Amino acid sequence: MVDRRASFAGKSLDEIADMMADSGSESNLAHAARTEFLLRQTQFQERAAKGAEETAKHTGRYTLYMLWSVIILTLSALSSALLNFWRFSSGR
């Protein structure tokens, strides 16, 4: 089986799909091509899932940074308002 899989090493998924379509549905080549196609499809799906996990992790970090920036902005605005009130009430 390794020899058959090695024959697909340099081929794209489109080429493997064409080989699957051209060979008989019950031939050994069709089974090997289907196996290789499903293996590569699974590998691509695993990479996509890892990418989605990384995106979720970075989105969580970004959300936390945005929360802290809003808190700091609120504290800054509050301190500015208090400082202006103090200046106004002290008559300066």
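Scoring rules and cut-offs
- Residues numbered from 1 in each chain as written.
- Predicted model: local features only at pLDDT ≥ 70, side-chain atom pairs only at ≥ 80, totals over all residues.
- Heavy atoms only, no water.
- Salt bridge = Lys/Arg side-chain N within 4 Å of Asp/Glu carboxyl O.
- Helix = DSSP H or I, 4+ residues; strand = E, 2+ residues; numbered from the N terminus.
- Buried < 20%, exposed > 50% of the residue type's maximum accessible area, 1.4 Å probe, protein only.

K.L.:
How do you make sense of the pattern of salt bridges when you look at a structure like this?
P.N.:
Two side chains carrying opposite charge are able to pair once their charged atoms lie near each other. Here the structure, examined in full by the defined rule, presents two salt bridges. The residue E36 makes a salt bridge to R40 at a minimum N-O spacing of 2.9 Å. With a gap of four residues between them, E36 and R40 both fall in helix α3 (residues 28-90), about one helical turn apart. We classify E36 as buried; its relative accessible area is 6%. As a salt-bridge pair, K57 and E54 come within 3.6 Å of each other at their nearest N and O atoms. With K57 and E54 both in helix α3 and three residues apart, the pair spans about one turn of that helix.

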